[in-house]
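# Structure at a glance
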Amino acid sequence: MTRIAVVGGGRIGEALIAGLREAGTPGSDIVVIEAVQARADELAKKYSILPTTLDIGCEGADVIAIAVKPQDVPAVTERVGDAISDSVHESIVVSLAAGVSTESLETRLSAGSPVVRVMPNTAMLVGQGVSAICKGRFARDEHLEQVRSIMESVGAVVVVTEAQMDAVTAVSGSGPAYFFLLAEALIDAGVEQGLPRDVATTLATGTALGAGAMLAGGGEGPGQLRYNVSSPGGTTAAAIRRLESGGLRAAVADAVEAAASRSREMARAVIEDDDEID
Ligand SMILES: NC(=O)C1=CN([C@@H]2O[C@H](COP(=O)(O)OP(=O)(O)OC[C@H]3O[C@@H](n4cnc5c(N)ncnc54)[C@H](O)[C@@H]3O)[C@@H](O)[C@H]2O)C=CC1
Ligand SMILES: O=C(O)[C@@H]1CCC=N1
């Protein structure tokens, strides 16, 4: 039994809670600490979990998962640090925030506190998330493994170095939004071609699901899978040529670069705030 306290019941906090509940974690093992009372009540009812205060929620928690906005993480971490500083029970402090380093968390906790950084994505909600995890200076392998096992219950997990976290955030943290944008565009294009919107939505959604399953099947890579759809002189080749001449690859590379760069910028903003406090 692992007791998990989720601090911040927004979109990612809810995705984690929903995924854990779906995977069979008992509601009695999860507490939520959420600043907006109505939201806390909503989550409590929906997932049969207990809403509580930070001090009470952190008491005896094996894992404290911080899922507030990056700019709120420093203040929340300090409060978590105060709440667990005298505890004999060891808690792993996990941050799910973009652009907040393990070092910045560690400086706000008692010396030697184990910290693990996670970059999840919202597909945790349906148990299909993908998370990258890395440990801080004081976390041991067993801490990383404990967090890995929690995150594996809501999707796939890879272990990365902290230096890779900005790229991870840009690829899989933000990634679902890129696919949703493509789905929107495909649906709109289908409607433009005369399909009713509900039919275009069913087709685009089913296509995304099928393509995802084929990719995840692992037999053939994305290039080969695409060649398999592209009959010589056929419709797919005509469409792909337009996507390539429209700059799809370059746009994706630019987008991922912009997201990674924004993640680094957010990390610098936290460091500058730290310098101001010092
Ligand atoms: N939304 C996403 O797809 C992803 C988000 N993340 C990270 O997850 C974190 C949360 O993002 P979202 O869920 O999208 O934001 P959100 O704004 O939906 O949720 C944040 C929640 O924290 C609550 N909150 C704020 N201060 C609090 C406090 N002191 N105590 C308790 N609750 C407090 C807010 O009321 C809100 O419900 C961010 O750091 C983000 O970088 C990471 C990967 C993906
Ligand atoms: O947009 C963001 O900043 C968060 C982090 C990754 C996905 N959403």
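Residues numbered from 1 in each chain as written. Chains lettered and ligands numbered in written order. Predicted model: local features only at pLDDT ≥ 70, side-chain atom pairs only at ≥ 80, totals over all residues. Heavy atoms only, no water.

As annotated in an unreviewed UniProt entry, the chain carries the name Pyrroline-5-carboxylate reductase and comes from Dietzia aurantiaca. In its Sequence similarities (unreviewed entry) section, the UniProt entry covering the chain states "Belongs to the pyrroline-5-carboxylate reductase family." Check the Function (unreviewed entry) section of the UniProt entry for the chain; it says "Catalyzes the reduction of 1-pyrroline-5-carboxylate (PCA) to L-proline." (UniProt positions renumbered as here; feature names shortened; annotations may be inferred.)

Mapped onto the present numbering, the UniProt feature "domain: Pyrroline-5-carboxylate reductase catalytic N-terminal" (unreviewed entry) falls on residues 3-99. End-to-end, the C-alpha atoms of residues 3-99 are 26 Å apart, and along that stretch the chain is 41% helix and 19% strand. (Helix = DSSP H or I, 4+ residues; strand = E, 2+ residues; numbered from the N terminus.)

Each domain of the chain was delimited in the assignment, giving domain 1 (4-163) and domain 2 (175-246). Distance from the C-alpha centre of domain 1 to the C-alpha centre of domain 2: 35 Å. (Domains from an automatic or database assignment.)

At a minimum axis distance of 5 Å, the contact between helix 7 (residues 165-173) and helix 8 (residues 175-192) shows a crossing angle of 30°. By the angle class used here, helix 7 and helix 8 are roughly parallel. For the pair helix 7 and helix 8, the contacting residues are Ala170, Val171, Ser172 and Gly173 in the first and Gly175, Pro176 and Tyr178 in the second. The residue makeup of the contact of helix 7 with helix 8, split by class, is four nonpolar, three polar and no charged. (Axes fitted to C-alpha atoms, helices over the stretch in contact; angles between N-to-C directions. Parallel < 35°, antiparallel > 145°, perpendicular 65-115°, else oblique. Contact = heavy atoms within 4.5 Å. Nonpolar A, V, L, I, M, F, W, Y, C, P; charged D, E, K, R; others polar.)

Okay, the UniProt feature "domain: Pyrroline-5-carboxylate reductase dimerisation" (unreviewed entry) in the chain next. If you check UniProt for "domain: Pyrroline-5-carboxylate reductase dimerisation" (unreviewed entry), the listed places come out as residues 162-266 in our numbering. Structurally, residues 162-266 comprises 82% helix and 0% strand, and the distance from its first C-alpha atom to its last is 15 Å.

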